[in-house]
Structures are given as structure tokens and as C-alpha cells.
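Listed here are the chains, written in short residue letters.
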Amino acid sequence: MAQILDGKAHADRMLEEIRQAVATRNATGARVPCLAVILVGENPASQVYVRNKVAACAKTGIRSLEFLLPETTTSDKLIDTIIELNTNPEVDGILVQLPLPKGMDAKVMLQRIDPAKDVDGLHPMNQGLLLQGQRGLRPCTPSAVMNMLKAYGVPMKGKRAVVLGRSEIVGKPMALMLMEEHATVTIAHSRTVDLPSVCREADILVAAIGQPGFVEGSWIKPGAIVVDVGINRVEDLQLGERIFTHDPKKLEALRTRGSVLCGDVRYGEAFEIAGSVTPVPGGVGPLTIAGLLTNTLQACQNRG
Ligand code: GUN
């Protein structure tokens, strides 16, 4: 039976540290850190994420500004909003919630954010700094996952790490951060031949592909550390019956509530074989927000 890596508890500790740092700043009369969040359109999942981010700001004493722009917003209008926030001296962090509506090029938009305010760490300047192992703002999810793995004392030096997924926001930066800690890293993805055997080599397996229950227990090396970045809503009972064979409570919840959240890993199977595993929900999700607020505080401190 695996140890549960409690992302929620770790995120709460990170938020408490941020709250104390903000209070200490405030006591000196320094400016209150401020995060601007831009949401374009009405994607329901994005609305929930933005609400959670704003609520976490309030918990830690960080100011937040919300910009809710209609689905019909033009790229030029979004760029104008970003430029205005770049020049606003009160604003430390700018987050453009992804995905953007069809027709908007996220890469083009993100390049317009001042790298000093890029709390998602997705500007090419910050990506370059990460690639070179230099200080900069780093993507929230992988940096908070690393923070938690270090806190749990997970050994990384010389270990085999497999990152499933090659996104700019999780997979690629996660691989770089694991490499920085001297792990031997493989990035695997949907086109990788024989994914199960690649995964079975992993002492540390990070799943970030966005497919419910994709990683089966038999893909996991006994005793491995499994980090599940996926947050997927499962509504299909037949799919649930395949995924939750070792998770009767989840299956029951799916039957009674009509949907459940599920990671990229079959948690019930992983629990039997892994050394440690993050649950979904309560694993990586809360860490992402803690990473965002850490970056906002860092951006504020950097700007003075
Ligand atoms: N959409 C899903 N996750 C994220 C994130 O970490 N940052 C942004 N900006 N959008 C997201």
C-alpha cells in the first residue's frame, strides 16, 4: 500500500508561508502584492480555476484583480489589456487563463506579458532561464510538485524519472526541473512506442497527459513515486467500470452523482503497487495554486 503524497496539506503549508511573508511585508508599509487574472470567454472549468485562484489570493492577503472578457474579445483587445497591466505599477503578476477561445494564439498573447510579471512562467524569456538553470519565474505546477517532492524527502539524484506528456506548461518544465535535481529523465508521450515498458522503468513517474485512468497499475514499477497531474471529469459509466476496478468508492460515486474527478493514473491500482502516490482531487491541483501565489510574491519582491 502506497504512502499518499498529500498535495492539499502541502499546499496549505505553502499558503501559510506566503500569508506570513505578505503580513511581514505589510508591517513594513510595503506595497501589497497584486495578481491580475484575465479570463476570456465562459469555459466552465476555467471559471472554477479562476475563482479558486482569486479565493486563494484572499486567503494569503494577496490582492487580486479579475478581468472577465467576453468570448468575442479580439486578440488586439486582449493585447491592450495585457499592455495596460504591464505598465500598471500596482500589478505584480499577470495570468491569462488558458485555454483561450478558438482563433486566439496563446503563444502570441503570452509573449506580450512583461516577463517580470509572467507568473505562469510561460514567456519565452522565463522558459529560456529555466532551460539554462537560472532564476526566473517558473511554471506553477511543476515547481510546486518539486517543492512537495523535496519536502517529502523523495530522492531524485541518479533516479530514473519518466514524464508522460510534453506540454509547455507541465511536461517540458517538469523534465527540466527533475534533470536539475540530477534525475535521468525520459519524456514520453502519445506517440511513444511501448509506453507501458517505458513507464515501468520509472522510479519517479509524472503523468500529465489529460486522459482519465490512462496509466494502469501494471505500468508502475513496484515502490515508484507516482505524481498524477491529470484532473479529468469522468461521466461515462462504462469507462468508469474499466478505470475504477480497484476503486469501488469512486465507482459508487460515479453511479450516484453522475460524474467523478479522475487523474491520469488508475489510483486504486497505483495505490497497491506504488511506493507513494498523489490522489485526485487533493494532490497536484492545490499545489498549482500555491505555486502561482509563490510566483506572485516572488515577482512582487523582485520588483520591490
Ligand atoms: N489552464 C489550466 N492550467 C492553467 C495554468 O496553470 N495557468 C493558466 N494560465 N491556465 C491554465
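Please refer to the structure higher up on the page.
About the thresholds
- Residues numbered from 1 in each chain as written.
- Predicted model: local features only at pLDDT ≥ 70, side-chain atom pairs only at ≥ 80, totals over all residues.
- Heavy atoms only, no water.
- Helix = DSSP H or I, 4+ residues; strand = E, 2+ residues; numbered from the N terminus.
- Near = heavy atom within 4 Å.
- Areas by Shrake-Rupley, 256 points an atom, 1.4 Å probe, with all protein chains shown as cover.
- Nonpolar A, V, L, I, M, F, W, Y, C, P; charged D, E, K, R; others polar.
- Salt bridge = Lys/Arg side-chain N within 4 Å of Asp/Glu carboxyl O.
- Buried < 20%, exposed > 50% of the residue type's maximum accessible area, 1.4 Å probe, protein only.
- Pairing = 2+ DSSP bridges.
- Axes fitted to C-alpha atoms, helices over the stretch in contact; angles between N-to-C directions.
- Contact = heavy atoms within 4.5 Å.
- Disulfide = S-S within 2.5 Å.
- 1 Å grid on protein atoms, 1.4 Å probe; cavity = no way out; pocket = protein on both sides within 12 Å on 5 of 7 lines; lining within 4 Å.
- Points joined across faces, edges and corners; volume = space filled by probe spheres on them.
- Phe/Tyr/Trp six-rings, centres within 6.5 Å; stacked < 30°, edge-to-face > 60°.

### Notes on unusual backbone geometry
1) Next: Omega for the peptide link from Leu98 to Pro99 comes to 0°, which places this bond in the cis form.
2) Next: Within the element layout of this structure, Pro99 appears in the loop between β4 (93-96) and α4 (106-110).
3) Next: With omega at 0°, the peptide bond leading from Val280 into Pro281 counts as cis.
4) Next: Topologically, Pro281 is positioned in the loop between β11 (276-277) and α12 (284-303).
5) Next: A positive phi angle, close to 70°, is found at His182, a residue other than glycine.

### Section: the site of the ligand
1) Next: Taken together, Lys53, Leu95, Val96, Gln97, Leu98, Asp120 and Ile169 form the complete shell of residues around the ligand.
2) Next: For the ligand, whose free accessible area comes to 280 Å², the fraction covered by protein is 80%.
3) Next: In terms of residue class, the shell around the ligand is made up of four nonpolar, one polar and two charged.

### Digging into the pattern of salt bridges
1) Next: As enumerated under the stated definition, the model contains 12 salt bridges in all.
2) Next: Between Glu180 and Arg138 there is a salt bridge, with its nearest N and O atoms 2.8 Å apart. Taken as a pair, Glu180 in helix α7 (residues 171-180) and Arg138 in the loop between α5 (124-131) and α6 (140-151) lie far apart in primary sequence, 42 residues in all.
3) Next: Glu180 gets classed as partly exposed once you look at its relative accessible area, which sits at 33%.
4) Next: Glu241 is the salt-bridge partner of Arg255, the closest N and O atoms lying 3.3 Å from each other.

### Some words on the sheet that holds strand β2 (residues 34-40)
1) Next: The three strands lie next to each other as β3-β2-β4, forming an open sheet whose pairing is parallel. Of all strands in the sheet, those bounded by a partner on one side alone are β3 (63-69) and β4. Taking each pair of neighbouring strands and ignoring which way they run, the sheet shows an average axis angle of 15°.
2) Next: Against the sheet, helix α2 (residues 44-60) engages β2, β3 and β4, with an angle of about 170° to β2.

### Remarks on the side chain of Thr73
1) Next: Mapped onto the fold, Thr73 is located in the loop between β3 and α3 (75-87).
2) Next: The exposure class assigned to Thr73 is buried, which follows from its relative accessible area of 11%.
3) Next: Once residues within four sequence positions are removed from consideration, Thr73 is found in contact with Val40, Leu78 and Met104.

### Focus: the state of the cysteines
1) Next: In the structure shown here, the tally under the stated rule is zero disulfides.
2) Next: Its sulfur unpaired, Cys34 is 8.3 Å from the next cysteine sulfur, which belongs to Cys57.
3) Next: Lacking any disulfide linkage, Cys300 is separated from the closest cysteine sulfur, that of Cys34, by 9.1 Å.
4) Next: Cys300 sits in the buried class, given a relative accessible area of 0%.

### Considering the pairing of strand β7 (residues 204-207)
In summary, the side chains of a regular strand alternate between the two faces of the sheet.
1) Next: Along β7, one buried face is formed by Ile204 and Val206 and the opposite face, lined by Leu205 and Ala207, is buried too.
2) Next: Summarising the sheet, strand β5 (residues 160-164) and β7 pair through four bridges and their orientation is parallel. Within the sheet, the bridge partner assigned to Leu164 lies in β7 and is Ala207.

### Topic: the sheet that holds β7
1) Next: The sheet built from six strands is open, its strands ordered β1-β11-β8-β7-β5-β6 with parallel pairing. Looking at which strands have only one partner, the edges of the open sheet turn out to be β1 (3-4) and β6 (184-188).
2) Next: As judged from the two bridges shared by β1 and β11, these two strands associate in the parallel manner. By the bridge assignment, Ile4 is partnered in β11 with Val277.
3) Next: Contacts from α7 reach β5, β6 and β7, with the element oriented near 170° to β6.

### Points about the layout of surface pockets
1) Next: Computed from the structure, the second largest pocket encloses a volume of approximately 520 Å³.
2) Next: Those elements that place two or more of their residues in the lining of the second largest pocket are α1 (7-27), α6, α7 and α12.
3) Next: Top element by residues in the lining of the second largest pocket is α12. It accounts for six residues.

### Observations concerning α7
1) Next: Burial in α7 covers these residues: Gly171, Pro173, Met174, Ala175, Met177 and Leu178.
2) Next: Buried residues along α7 sit against α5, α6, β5, β6 and β7.
3) Next: Following α7 by one or two positions, His182 adopts a phi angle in the positive range, close to 70°.

### Concerning the packing of aromatic side chains
1) Next: This structure, assessed with the given rule, holds two aromatic pairs.
2) Next: Ring geometry for Phe214 versus Trp219: centroids 5.4 Å apart, planes at 80°, classification edge-to-face.
3) Next: For Phe214, a relative accessible area of 26% corresponds to the partly exposed category.
4) Next: A residue is classified by how much of its surface remains accessible, and Trp219, at 10% relative accessible area, is buried.

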